[in-house]
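Fold and contact review
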Amino acid sequence: MKTANYTDLRSNLKSYLDSVVSDSEPLLVHRPGNHSVVVISLDEYNAIRETAYIASSPAFMERLRSAEARMNAGEGVKINIDEL
């Protein structure tokens, strides 16, 4: 994760924000008083929210765990991605 202090971020805001978006890498901004923040792209934020939503469904999580157990038991089916 890239880091910056508050003063440097203010001086180079465009560069830092462009980097967050183009590299899909969060930026940790150190602020005075130990109140740091993390800057992430909108795509990354949406992915986090979607994951949280999916994980909040007990039924979906049980289905996912069951599928993983079947796969680990050798019951999965191999599919060639080029045939999809």
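Now for a quick tour of the structure. (Residues numbered from 1 in each chain as written. Predicted model: local features only at pLDDT ≥ 70, side-chain atom pairs only at ≥ 80, totals over all residues. Heavy atoms only, no water.)

Nonpolar side chains collect at one region of the surface, where Val77, Ile79, Ile81 and Leu84 lie side by side and expose about 520 Å² of accessible area between them. Overall, Ile81 belongs to the exposed group, its relative accessible area being 66%. (Patch = residues over 30% accessible without salt bridge, like charges linked within 9 Å, V, L, I, M, F, W, Y side chains within 5 Å. Areas by Shrake-Rupley, 256 points an atom, 1.4 Å probe, with all protein chains shown as cover. Salt bridge = Lys/Arg side-chain N within 4 Å of Asp/Glu carboxyl O. Buried < 20%, exposed > 50% of the residue type's maximum accessible area, 1.4 Å probe, protein only.)

Looking now at helix H2 (residues 13–23). Tyr16, Ser19 and Val20 are the residues of H2 that are buried. Down the axis of H2, the smallest arc covering the buried residues is 100 degrees, so these residues share one side. H2 presents Lys14, Val21 and Ser22 as exposed residues on the side facing more than 90 degrees away from its buried surface. Lining the buried residues of H2 we find strand E1 (2–5), helix H1 (6–11), strand E2 (27–30) and strand E3 (37–39). The first or second residue beyond H2 is Ser24, which carries a positive phi of 50 degrees. (Helix = DSSP H or I, 4+ residues; strand = E, 2+ residues; numbered from the N terminus. Arc of directions from axis to C-beta. Contact = heavy atoms within 4.5 Å.)

It is worth spelling out the pattern of salt bridges at this point. Following the criterion strictly, the structure yields 2 salt bridges and no others. Across the pair Lys2 and Asp23 runs a salt bridge whose closest N-O atoms are separated by 2.8 Å. With a gap of 21 residues between them, Lys2 in strand E1 and Asp23 in helix H2 connect regions that are remote in the sequence. Since its relative accessible area comes to 31%, Lys2 is described here as partly exposed. Owing to a relative accessible area of 41%, Asp23 belongs among the partly exposed residues under this scheme.

Looking now at unusual backbone geometry. At Ser24, a position not held by glycine, the phi torsion is positive, near 50 degrees. Looking at where Ser24 falls in the secondary structure, it is placed in the loop between H2 and E2. Not every positive phi belongs to a glycine, and Asn34 is a case in point at roughly 65 degrees. Within the element layout of this structure, Asn34 appears in the loop between E2 and E3.

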